[in-house]
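Chain residues, written in single-letter form:
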Amino acid sequence: ADCRYTCHQECRSLIQLDCRRPGLCQSQLSPESTLLPPCSQNVTQTVEEEKPEPPTIQEIKQRIEKYNAKVTNCLLMKLNDDGTYTGFIKVHLKLRRPVTVPAGIRPQSIYDALKEVNLADMTDKRTSFYLPLDAIKQLHISSTTTVSEVIQGLLKKFMVVDNPQKFALFKEMRKDGQVLFQKLPLTEYPLYLRLLAGPDTDVLSFVLKENETGEVEWDAFSIPELQNFLMILDKEEKDKIQQVHRKYERFKQRLQQTLKEARGKPG
């Protein structure tokens, strides 16, 4: 009556009011007068989907045997005694923006890879360039390797020093003549997806792309990188304008030529 406070019945035990007229609230009003009906009938409650039970070692063994039977190369999966397994995945790199790498650093050798030498730490100089479009990288990973670790591993192999948050791993599927992309959560296990889909990359393949525009962590970019993006966008805009001008210039010339030829004909 005084503060016009109302609450749901389920919330009653959680409410603590600093009432300016406690005498009125305690003596003249019953607690039930300030309650609303239960909200369970009007509020849609989120029901958590039941997660499937993890496969047993025997089920994993059967799947691996079925998978290996379809493999046409040497890229087999191997089951370990502890129930984990290892195998290969191929990742297509479809990056539209330049990446940042150390300047003046030689390519990583087998010795560096075995010793886990990080060549990027040997210099503070940086340069940017475009990776070849649709380049393919093959990775040997474990069933416990997550999407996040795959992204970090790819960046390390190419000596890319950009923040991993700028990139995302997608699974590419083909259905009814259409190509479908789905972004994978960082905690997903790519090798398990590969095992379920089989070795055919036409059924399922992995693609590394830039994070979607709405999810890019722009704070992770440096000022020179952002300026570089603006220069690239300006260049693309100018190229597009020139293409439109050339298109309509050719159309104008053909139209003028047609009019010129029509003037010399009777009627």
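It should be emphasised that the depicted structure is a prediction, and the values quoted were computed from it without experimental measurement. (Residues numbered from 1 in each chain as written. Predicted model: local features only at pLDDT ≥ 70, side-chain atom pairs only at ≥ 80, totals over all residues. Heavy atoms only, no water.)

A. Examining the overall build of the protein more closely. Looking only at helices and strands, the protein has six helices and ten strands in total. Looking at the protein as a whole, 26% of its 267 residues are labelled buried. In the protein, 70% of the contacts between residues at least 6 apart in sequence involve partners at least 24 apart. Accessible surface for the protein amounts to roughly 19900 Å². Of this, 52% is attributable to carbon and sulfur atoms. (Helix = DSSP H or I, 4+ residues; strand = E, 2+ residues; numbered from the N terminus. Buried < 20%, exposed > 50% of the residue type's maximum accessible area, 1.4 Å probe, protein only. Contact = heavy atoms within 4.5 Å. Areas by Shrake-Rupley, 256 points an atom, 1.4 Å probe, with all protein chains shown as cover.)

B. Structural detail: helix H5 (residues 190-197). Along H5, the positions that sit buried rather than exposed are Pro190, Leu191, Leu193, Arg194 and Leu195. Those residues of H5 that are buried lie in contact with helix H2 (57-70), strand E4 (85-93), strand E7 (135-142), helix H4 (147-157), strand E8 (167-175) and strand E10 (205-210). At the C-terminal side of H5, Gly198 shows a positive phi close to 90 degrees.

C. Inspection of the nonpolar core at higher detail. Ile89, Val91, Phe167, Leu169, Phe206 and Leu208 are the most contacted members of the largest nonpolar core, which totals 30 residues. Those elements giving two or more residues to this core turn out to be H2, E4, strand E5 (99-102), E7, H4, E8, H5 and E10. The element contributing the most residues to this core is H4, with five residues. Apart from residues no more than four positions distant in its own chain, Ile89 is found in contact with Lys137, Gln138, Leu139, Ile141, Val150, Pro190, Leu191, Arg194 and Phe206. (Core = buried A, V, L, I, M, F, W, Y, C linked by side-chain atoms within 4.5 Å.)

D. Local environment of the pairing of E10. Counting buried positions over the six residues of E10 gives five, a clear majority of the element. Of the strand pairs in this sheet, E4 and E10 are connected by three bridges, and their pairing is parallel. Residue pairing across strands places Leu93 opposite Leu208, the latter belonging to E10. (Pairing = 2+ DSSP bridges.)

E. Spatial organisation of the side chain of Asn211. Within the secondary structure, Asn211 sits in the loop between E10 and helix H6 (223-263). Here Asn211 falls in the buried class, since its relative accessible area comes to 10%. Among the polar contacts listed, one links the side chain of Asn211 to the backbone oxygen of Gln165, at a separation of 2.8 Å. (Polar contact = N/O pair within 3.5 Å; in protein donor to acceptor, adjacent residues only side chain to side chain.)

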